[in-house]
Amino acid sequence: MVLPSTDYNYVVKEPVVGGQLSFDVNTRGIVRSVTDDRNVFGDSNFATPGVDADSWRLSAQSEWKRTIITQGGLVITPMLHAQADTTVFDSRDSGLLSSTMAASGNALLADGTYYRAMVTAGLEVRYPILFSTSSATHVLEPIAQIYARPDERYAGSLLNEDAQSLVFDASSLFQRDKFSGFDRIEGGTRANVGIRYSGRFGNGWGLNGVFGQSYHLAGKNSFAQGDTFNTGADSGLETDRSDFVGALTLTSPVGFSAGLAARFDDKNFTTRRAEVSSAYSTDLFSIAANYAFIDAQPQYGFARNRHEFSLGGTLRLFDSWYVSGSTTYDLVTDEIDKYSLGLAYVCDCFLVRA
């Protein structure tokens, strides 16, 4: 049973020391009375396992960042980030994953309340270069980032309930923390390097691209520390030098867009992941289709290559009410892998989704 997960975000209106200051709070609660004891890792019928335990977490974080533009056009953005968590863990006598995690070998911590904190100092440097013609503009932007922080505390030893999915691609290349949730916190010193392209054409079409790589420089690499789901394994981030990632997106003035994205092995440039996507949106509805090839991730529980097709969309019922649905079809097993149906209320400062 998933108890309500809540998020609160506040951005200070006035600049603080010339920069933007923001605050976030997140809560998460899980009550689970059944453990999936199947041979999770290497099972062709892999299903996300759960630990027979109740857990609650409260997280609070704050970030300050300021953008400075030099006379030569260099864009420098220093940032500071701090996060603190409280996690309560109450387990029962249970199965495979409750005492030792099959792939990582890290023992889960005993029942109790645990506290952890993370402080990050970061610096981003960008140098946008503009090329223009009578009918188009092109911007090439080399980007370099560095984030310095201590090691992740309790790495792999706390339950991971909301950061199980880790997809390293062009959209996450320049993120400060590449984990998808709060239960894992990226630690160690890391640099992200790449180039971004943006093109705008006179007829309203646009073209955007990103290509780059990430480097683990010091400390413990969080993505090499397995947890209940061995998150990080075969992600392209578990080594000191990551895989290459890239993406290209085409946009139109009529609501249509299409994109290509891929992750390539850092040693031989073999394709590890590739996606082809398209979408169309209006004020009333939106629809998106996606094909994905995902190389085998045996340490993550997928012993074979995957070929998946997904389709999803949203429909606006009233001013602030939306209905949504999605489905993913596994082309290898010839069956529906997952599906969802949802209802949401969205306004300027509030969102409820079921």
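Residues numbered from 1 in each chain as written. Predicted model: local features only at pLDDT ≥ 70, side-chain atom pairs only at ≥ 80, totals over all residues. Heavy atoms only, no water.

Throughout the structure, instances matching the rule amount to seven aromatic pairs. By way of ring pairs, the aromatic residues Phe211, Phe244, Phe264 and Phe269 are connected into one cluster. The residue whose ring lies beneath arginine 306 is phenylalanine 302, and the NZ or CZ to ring-centre distance is 3.7 Å. (Phe/Tyr/Trp six-rings, centres within 6.5 Å; stacked < 30°, edge-to-face > 60°. Lys NZ or Arg CZ within 6 Å of the ring centre and 35° of its normal.)

This brings us to the nonpolar core. If you look at the biggest cluster of nonpolar residues, it comprises 12 residues: Ile143, Ala163, Leu166, Phe168, Ala170, Leu173, Phe174, Phe179, Val210, Phe223, Leu237 and Val245. Sequence-distant contacts of leucine 237, that is, excluding residues within four places in its chain, are made with Phe168, Lys178, Arg190, Ser214, Asn221, Phe223 and Ser242. (Core = buried A, V, L, I, M, F, W, Y, C linked by side-chain atoms within 4.5 Å. Buried < 20%, exposed > 50% of the residue type's maximum accessible area, 1.4 Å probe, protein only. Contact = heavy atoms within 4.5 Å.)

Our focus in this paragraph is the confidence of the model for the protein. Caution applies to low-pLDDT parts of the model: their predicted coordinates are not meant to be read in detail. Summary statistics for the protein give a mean pLDDT of 88 and a share of 90% for residues scoring 70 or more. Every residue in residues 94–105 is under pLDDT 50, and counting partners more than four places away or in other chains gives 34 contacts. (pLDDT = per-residue confidence, 0-100.)

Next up on the list: the side chain of aspartate 227. Structurally, aspartate 227 is set in the loop between β10 (206–218) and β11 (244–251). We classify aspartate 227 as buried; its relative accessible area is 1%. Within the structure, aspartate 227 has its side chain in polar contact with the backbone nitrogen of asparagine 230 (distance 3.0 Å). Within polar-contact distance, the side chain of aspartate 227 engages the backbone nitrogen of threonine 231 at 3.1 Å. (Helix = DSSP H or I, 4+ residues; strand = E, 2+ residues; numbered from the N terminus. Polar contact = N/O pair within 3.5 Å; in protein donor to acceptor, adjacent residues only side chain to side chain.)

This part covers the pattern of salt bridges. Two side chains that carry opposite charge are able to pair once their charged atoms sit near each other. Applying the stated criterion across every chain yields a total of 19 salt bridges. Among the ionic pairs, arginine 116 bridges to aspartate 85, the shortest N-O distance being 3.3 Å. With arginine 116 in strand β6 (residues 112–126) and aspartate 85 in strand β5 (residues 75–91), the pair connects residues that are 31 residues apart, well separated along the chain. On the basis of relative accessible area, aspartate 85 is assigned to the buried category, the value being 3%. Residue glutamate 186 pairs with arginine 190 through a salt bridge whose shortest N-O separation is 2.9 Å. In this structure, glutamate 186 and arginine 190 share a single accessibility class: buried. (Salt bridge = Lys/Arg side-chain N within 4 Å of Asp/Glu carboxyl O.)

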